[in-house]
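Remarks on the overall topology
Below are the chains, spelled out letter by letter.
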Amino acid sequence: MDVFSSVLAFMWLVYFWDTYLSSRQHKVYENVRKLPDELESVIDQTNFEKARNYALDRSSYGFWHGLYSQCESTFILCFNGIPLLWMLSGKLLESMGLSEDREITHSLLFIVLGGVISTILSLPWSLYSTFVIEERHGFNKMTLGFYLKDLVKKFVVTQLITIPLISLIIYVIQIGGDYFFVYAWAMIFVFLLIIMHVYPEYIAPLFDKYTPLPDGELKSKIEELASSLKFPLKKLFVVEGSKRSAHSNAYLYGFHKNKRIVLYDTLLEDYSPVEKTEPESTKEDDKGDQAVGDETETAPQTKPEKKKIGCNNDEVVAILGHELGHWKFSHTLKQLAISQVSILFSFFLFGKLMNQSILFSAFGFVDVQPILIKLLIVFSYIFSPINEVESVLVNLMTRRFEYQADEFSVGLGKRDNLKMALLKLFKDNSGFPVDDWLYSICHLSHPSLLERVRAMDRIKYKSE
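Conventions we followed
Residues numbered from 1 in each chain as written. Predicted model: local features only at pLDDT ≥ 70, side-chain atom pairs only at ≥ 80, totals over all residues. Heavy atoms only, no water. Helix = DSSP H or I, 4+ residues; strand = E, 2+ residues; numbered from the N terminus. Buried < 20%, exposed > 50% of the residue type's maximum accessible area, 1.4 Å probe, protein only. Contact = heavy atoms within 4.5 Å. Areas by Shrake-Rupley, 256 points an atom, 1.4 Å probe, with all protein chains shown as cover. Polar contact = N/O pair within 3.5 Å; in protein donor to acceptor, adjacent residues only side chain to side chain. Pairing = 2+ DSSP bridges. Axes fitted to C-alpha atoms, helices over the stretch in contact; angles between N-to-C directions. Salt bridge = Lys/Arg side-chain N within 4 Å of Asp/Glu carboxyl O. pLDDT = per-residue confidence, 0-100. Parallel < 35°, antiparallel > 145°, perpendicular 65-115°, else oblique. Nonpolar A, V, L, I, M, F, W, Y, C, P; charged D, E, K, R; others polar. Patch = residues over 30% accessible without salt bridge, like charges linked within 9 Å, V, L, I, M, F, W, Y side chains within 5 Å. Phe/Tyr/Trp six-rings, centres within 6.5 Å; stacked < 30°, edge-to-face > 60°. Core = buried A, V, L, I, M, F, W, Y, C linked by side-chain atoms within 4.5 Å.

**Quick look at the overall build of the protein**
- When helices and strands are tallied, the protein shows 17 helices and four strands.
- Looking at the protein as a whole, 40% of its 464 residues qualify as buried.
- Partitioning the contacts of the protein with sequence separation of at least 6, the portion at a separation of at least 24 is 77%.
- When the accessible area of the protein is evaluated, it comes to approximately 26100 Å², of which 61% is carbon and sulfur surface.

Have a look at this one:
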């Protein structure tokens, strides 16, 4: 069996394995119809059934989307889609008065064209996911205009990040000699550190509004918790994720002694955006001014009833106790270190394979074998068996980290609040609390809700 046939066979082998795993999980959604006893205090049978239906819809969508993606990838490979795109980008380069021999420029045009084609091909699936499935279950908050504007911004930002990085990698490989893999890894590491700082500060605000958490009980409790753990908290933000989705989240970011915490507004039960206060003398005129605006927003004279979602202050603090557990145990640094070892090793192996012409001629590149194409074929196809094994090992590690972070929050005396917070978030997000064990190990970075709740119940401390 030649290289191309072997790669294609492995692709389908992985697809059938993933489909088998997904079918096991789908059967869990179909067969688990009774609400687990541990959840009865916060989720009723009606909401459990809603979560089950949402999971079934997502699972069915995943099956058809996965089948389409697999057939699309096979079609592209079998009909020389990659060589054709490289040739097309070369023709466009010539039409602009530039030579095809300009490898870096040619490669960047190939990336942009590939990005455009990929975005167009995936658009129907993304639209269906957002405006049919998410809409049906009450999570989508976007209009079509907002979605398309968001899509364009994401594409532009992705290209602005990808283009300089790929340019540098190609250049380093061209001039790096026998030890190019060390220089390429070092450059990617520095680039990643820069992005980790730049993204939350300058890129993320392009998509969502970030505002400081207002003074109050929640802010005081978070600052007290951070101080007790010597966490160098500098800023607390709330991101208005509710304009995009009803799903909730929270995360930490920042280097060394410049840490920030970000809470999604959908996570906070009692949060409402801070409004600018108008002078007393203008308040009487506000009603007249409002009448000129959007009537759909001003017509109701009574305050609409607010649906109780999210967590109360103590529960939010318990969730942050979990996140601070990740910080305390240096989970992010450990994951970063492991990923960097993986990148360095991958570039080392790439160096051993990049001059094996038979690998790339099997994919239709006989006369010309540019560095970008070598990177694409080796990292996406030749390394796919390694990537599959690595993915499972990383999931096992991150699942262990989640248990450790839960244990840390429990150790802070927040067992009940953390359990209640997780239960509420699963209810708000229509999360299904039961997973097939094999599917979970291979695909999920977090244990199931029931696994986490039961693990917390087993934790014993001397004070208890």
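Moving on, there is more to tell.
**What to know about the environment of Ser95**
- Along the chain, the position of Ser95 falls in helix 3 (residues 81-95).
- With a relative accessible area of 57%, Ser95 lands in the exposed category.
- At a separation of 2.6 Å, a polar atom in the side chain of Ser95 contacts the main-chain carbonyl oxygen of Leu92.

**Notes on the sheet that holds strand 1 (residues 210-212)**
- Reading across from one edge, 1-2-4-3 is the order of the four strands in this open sheet, with mixed pairing throughout. Of all strands in the sheet, those with a lone pairing partner are strand 1 and strand 3 (250-253), marking the two edges. Strand-to-strand, the axes of this sheet are offset by a mean angle of 30°, without reference to chain direction.
- Two elements, strand 3 and strand 4 (residues 259-264), share four bridges in a ladder whose sense is antiparallel. Among the inter-strand pairings, Leu252 is bridged to a residue of strand 4, identified as Ile261.

**Thoughts on the pattern of salt bridges**
- One pass over the structure, following the stated rule, counts 14 salt bridges.
- Linking Asp150 and Lys154 is a salt bridge whose minimum nitrogen-to-oxygen distance equals 3.5 Å. Here the residue Asp150 and the residue Lys154 both occupy positions in helix 5 (residues 144-175), the gap between them amounting to four residues, near one helical turn.
- Classification of Asp150 by relative accessible area gives buried; the value is 4%.
- By relative accessible area, which is 43% here, Lys154 ends up partly exposed.
- Residue Arg399 is joined to Glu451 by a salt bridge in which the shortest nitrogen-to-oxygen separation is 3.6 Å.

**Structural notes on unusual backbone geometry**
- Positive phi outside glycine occurs at Lys230, with the angle close to 60°.
- Within the element layout of this structure, Lys230 appears in the loop between helix 7 (217-228) and strand 2 (233-239).
- Assessed through its relative accessible area of 71%, Lys230 is described here as exposed.
- Positioned with a positive phi, Ser430 is a non-glycine residue whose angle comes to about 50°.
- Assignment of secondary structure puts Ser430 in the loop between helix 15 (415-428) and helix 16 (437-443).
- The buried category is assigned to Ser430, whose relative accessible area is 13%.

**Focus on the confidence of the model for the protein**
- Predicted confidence across the protein gives a mean pLDDT of 86, with 89% of residues reaching 70 or more.
- The low-confidence segment residues 274-306 (pLDDT under 50) makes seven contacts with residues lying over four places distant or belonging to another chain.

**Focus: the packing of helix 13 (residues 371-382) against helix 14 (residues 384-411)**
- The N-to-C vectors of helix 13 and helix 14 enclose an angle of 50°; their axes lie 5 Å apart at closest approach. If you check the angle between helix 13 and helix 14, you find them oblique. Residue-level inspection shows Phe379, Ser380, Tyr381 and Ile382 of helix 13 in contact with helix 14, the latter providing Ser384, Pro385 and Asn387.
- Residues that form the contact of helix 13 with helix 14 fall into these classes: four nonpolar, three polar and no charged.

**A closer look at the side chain of Ser59**
- Examined against the element boundaries, Ser59 turns out to sit in helix 2 (residues 45-78).
- At 2.7 Å, the side chain of Ser59 forms a polar contact with the side chain of His26.
- With residues near it in sequence (within four places) discarded, Ser59 still touches Ser22, His26 and Tyr29.

**Comments concerning a nonpolar patch on the surface**
- A cluster of nonpolar residues, Leu88, Leu92 and Met96, forms a patch on the protein surface that exposes about 270 Å² of accessible area.
- Here Met96 lies in the loop between helix 3 and helix 4 (103-136).
- Residue Met96 is classed as exposed on the basis of its relative accessible area of 52%.

**With respect to the packing of aromatic side chains**
- According to the stated counting rule, one finds 27 aromatic pairs in the structure shown.
- Relative to Trp125, the ring of Tyr68 lies with its centre 5.4 Å away and its plane at 35°, an arrangement referred to as tilted. Within this pair, whereas Tyr68 is found in helix 2, its partner Trp125 is found in helix 4, the two being separated by 57 residues in sequence.
- An aromatic cluster of at least three residues, connected via ring pairs, comprises Tyr179, Phe180, Phe181, Phe347, Phe348, Phe350, Phe379 and Phe383.

**Examining the nonpolar core**
- Leu213, Leu218, Ile222, Leu263, Leu267 and Leu268 are the most contacted members of the largest nonpolar core, which totals 44 residues.
- By residue number, the principal contributor to this core is helix 10 (residues 313-328), which donates six residues.
- Filtering out sequence-adjacent residues up to four positions away, Leu263 remains in contact with Leu213, Leu218, Ile222, Phe237, Val238, Val239, Asn249, Ala250, Leu268, Val316 and Leu320.
- In this structure, Val7, Trp86, Ile166 and Phe360 belong to the second largest nonpolar core, which totals 41 residues.

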